[in-house]
Amino acid sequence: MSKLNKNSSGYIFGFALLIILVCGVLLSVVSGALAERQYEERELERKKFILKAALGDKISDVEKDKISEMYSNLVKESVVNSSGETIDGVAANSVNLKNEYKKLEKNGSLKEGETIQLPMYQIMSEDGSSVDYYVMPTYGFGLWDNIWGYVALAKDLNTIQGLVLDHKGETPGLGARITEDKVQDRYRNDKKIFDGDKLVSVTMKKGEGNDYSDNPHAVDGMSGATLTADGVNNMIDNYMNLYLSFINANKK
Amino acid sequence: MSTETQAVEEVVKEREPLFSKKNRKLITNPLDADNPITVQVLGVCSALAVTVKLIPTLYMCISVLFVLVFSNVAISLLRNVIPGRIRIIVQLLVVASLVAVVDQVLQAYAYDVSKQLSVFVGLIITNCIIMGRLEAFALANKPGPALMDAIGNGLGYAAILIPVAFFRELLGSGSLFGFNILGEGYPGNGVMMSPVGACIVLGLLIWFQRSRNGYTEEA
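Now for a look at the structure at hand. On a predicted model such as this, the values are computed, not experimentally measured, just so you know. (Residues numbered from 1 in each chain as written. Chains lettered and ligands numbered in written order. Predicted model: local features only at pLDDT ≥ 70, side-chain atom pairs only at ≥ 80, totals over all residues. Heavy atoms only, no water.)

1. Re the overall build of chain A
If you tally the helices and strands in chain A, you get six helices and nine strands. Relative to its length of 252 residues, chain A is extended, with a C-alpha radius of gyration of 23 Å against a globular reference of 18 Å. Across its three principal directions, the C-alpha atoms of chain A cover 85 × 45 × 40 Å. Residues counted as buried form 45% of the 252 residues belonging to chain A. (Helix = DSSP H or I, 4+ residues; strand = E, 2+ residues; numbered from the N terminus. Rg over C-alpha atoms; globule rule 2.2 N^0.38 Å. Buried < 20%, exposed > 50% of the residue type's maximum accessible area, 1.4 Å probe, protein only.)

Dropping the structure here:
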């Protein structure tokens, strides 16, 4: 070792190569070994979000290992397209929401010639005879990075039963508040997406602390996070429009 | 790399026991008199950011301790073979790899916590305590003392973060470890929930510690 010139370029390159190899192998082994568990955790979260959007507080006491069981008992998965037709042979959990989102134009309409796959989760009543809630995944862009959520509509496909929102990189304490129950519960207040036959969606307003209980299309905003709220508004509006054909076809 | 390690060990002739008085100081000093956060004022960013609740804070402390111990020992083992010109990059690579491992493990076994900590796990890479210990200690010391030093500094980090998180969770959300303490009627305190609260609590801790230890700023 001592004979080697540690400042020679050869040694430096050799050393760099070796340590990169060691670290690289270590990381790929760890990542490979944990991949399955991480997938399970993500799946569990998806199921929990879907149930929580529809059932709200009722599932907050449900234990972690009961979620999957509850999900398989209550939820009927399917995938539809923007014309409201069911796409056969595609599993709802195999739809990559992020990739599907990329098929949208800036204004939220579908790019020309594209067909989008939209997962549809129907929460059945306990006896399985009728649909209680429709849960629709949504995807969008907040202030800094992607945001996504699950919007649950009641039987009438008009009233918002509830929603769950999540994000990748919104500002902690400001935009990141969309993950808080306190913020999400603002949508759980008899908000409606239709005004008559017209889809108007629900908008989170600028400013915080205002009372919108008499306006079915507005919810109180988050102070200091108006741009994240705009992202949420666009996301809900875009996806309700994408699901519109399905909604109209199934509306009672 | 094992041959390189042995070469280092052979050079070392005189051995001192791992728990000699000098080595024990390496653990106890960072806990108080030479605390990385309150005295050296390093790693404050994460101390402000992840101390809203106790549980994520505990995970953060364990993660930092893990990264600090393994990187300190690894760099100490490699200290005689790392080319001086790329030593910072090598340190970063080792730290970044360990942090990636921690992140992966958290995602697999503590998914909720890993989501709460979000970017701050990744930001352990830039935690000045870790790079500081590697540069100041591991590069010049044997693995044994480096291990002690890492444990000491990791615990010193935890010794500040946990009290900060304790006060912030108690006053901010009226709970401890997620269990409600102050009753349902407690309205919560927005300042304590925000990093501003951490800044205040940390400042008070530094004040308390300095007045107790009789610390004075060198002129």
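2. Topic: the sheet that holds strand 5 (residues 160–167) of chain A
Hydrogen bonding along the main chain pairs the strands of a sheet, whether they run parallel or antiparallel. Residue and element names in this part refer to chain A. Spatially, five strands are ordered 1-2-3-4-5 in an open sheet, and the strand pairing comes out antiparallel. Single-partner strands in this sheet number two, and they are strand 1 (75–80) and strand 5. Taken pair by pair, the neighbouring strands of this sheet meet at an average axis angle of 20°, ignoring direction. As paired strands, strand 3 (residues 131–141) and strand 4 (residues 146–154) are joined by nine bridges and run antiparallel to one another. The residue of strand 4 that forms the bridge with Tyr-133 is Ala-154. Sitting on the sheet, helix 1 (residues 9–55) touches strand 1, strand 2 (118–124), strand 3, strand 4 and strand 5, and the angle it makes with strand 5 is about 145°. (Pairing = 2+ DSSP bridges. Axes fitted to C-alpha atoms, helices over the stretch in contact; angles between N-to-C directions. Contact = heavy atoms within 4.5 Å.)

3. Remarks on the packing of helix 1 of chain A against helix 2 (residues 64–74) of chain A
Residues and elements named next belong to chain A. Where helix 1 contacts helix 2, the two axes come as close as 9 Å, and the packing angle between them is 65°. For the crossing formed where helix 1 meets helix 2, the hand is left-handed. Across from Glu-41, Leu-44, Arg-46, Lys-47, Lys-48, Ile-50, Leu-51 and Leu-55 in helix 1, the residues of helix 2 making contact are Lys-64, Ile-67, Ser-68, Met-70, Tyr-71 and Leu-74. The class makeup of the residues in the contact of helix 1 with helix 2 is eight nonpolar, one polar and five charged. (Left-handed = near helix turned anticlockwise from the far one by under 90°. Nonpolar A, V, L, I, M, F, W, Y, C, P; charged D, E, K, R; others polar.)

4. Quick notes on helix 2 (residues 21–28) of chain B
Residue and element names in this part refer to chain B. For helix 2, the set of buried residues is Asn-23, Leu-26 and Ile-27. Angularly, the buried residues of helix 2 cover 95° about the axis, an arc narrow enough to put them on a single face. Every exposed residue of helix 2 that faces more than 90 degrees away from the buried side is listed here: Lys-21 and Lys-22. In this fold, the buried residues of helix 2 make contact with helix 9 (143–173). (Arc of directions from axis to C-beta.)

5. With respect to the packing of aromatic side chains
Residues and elements named next belong to chain A. Taken as a whole and judged by the stated rule, the model has seven aromatic pairs over all chains. Ring centres of Tyr-134 and Phe-246 lie 6.0 Å apart, and the angle between their planes is 70°; on these two criteria the pair is classed as edge-to-face. Linking Tyr-134 in strand 3 with Phe-246 in helix 6 (residues 244–250), this pair joins segments that are 112 residues apart in sequence. When sorted by exposure, Tyr-134 lands in the same class as Phe-246, which is buried. (Phe/Tyr/Trp six-rings, centres within 6.5 Å; stacked < 30°, edge-to-face > 60°.)

6. Side note on empty space enclosed by the protein
Residue and element names in this part refer to chain A. Overall, the coordinates contain one cavity of 30 Å³ or more when judged by the stated rule. Here the largest cavity is characterised by a volume of approximately 50 Å³. As for the largest cavity, its lining consists of Lys-52, Gly-56, Asp-57, Leu-163, Val-164, Asp-181, Gln-184, Asp-185 and Arg-188. Among the elements of the structure, strand 5 and helix 4 (181–184) are those that each provide at least two residues to the lining of the largest cavity. Partitioning the lining of the largest cavity into residue classes produces two nonpolar, two polar and five charged. (1 Å grid on protein atoms, 1.4 Å probe; cavity = no way out; pocket = protein on both sides within 12 Å on 5 of 7 lines; lining within 4 Å. Points joined across faces, edges and corners; volume = space filled by probe spheres on them.)

7. A few points about the interface of chain B and chain A
Tallying the contact residues gives 22 residues for chain B and 24 residues for chain A. Contact between chain B and chain A buries roughly 2300 Å² in total, counting both sides, with carbon and sulfur atoms accounting for 69%. Taken together, chain B and chain A are joined by two salt bridges. For Glu45(A), the salt bridge is made with Lys115(B), and the minimal N-O distance between the two is 2.6 Å. There are seven residue pairs in polar contact (both at pLDDT 80 or more) connecting chain B and chain A. Of all elements in the fold, only helix 5 (87–109) and helix 6 (111–117) of chain B reach the threshold of two or more residues within the side of chain B that touches chain A. In terms of residue count, helix 5 of chain B provides more of the side of chain B that touches chain A than any other element does, eleven residues in total. When its residues are assigned to classes, the side of chain B that touches chain A shows 15 nonpolar, four polar and three charged. (Buried area = accessible area lost by both parts, 1.4 Å probe. Salt bridge = Lys/Arg side-chain N within 4 Å of Asp/Glu carboxyl O. Polar contact = N/O pair within 3.5 Å; in protein donor to acceptor, adjacent residues only side chain to side chain.)

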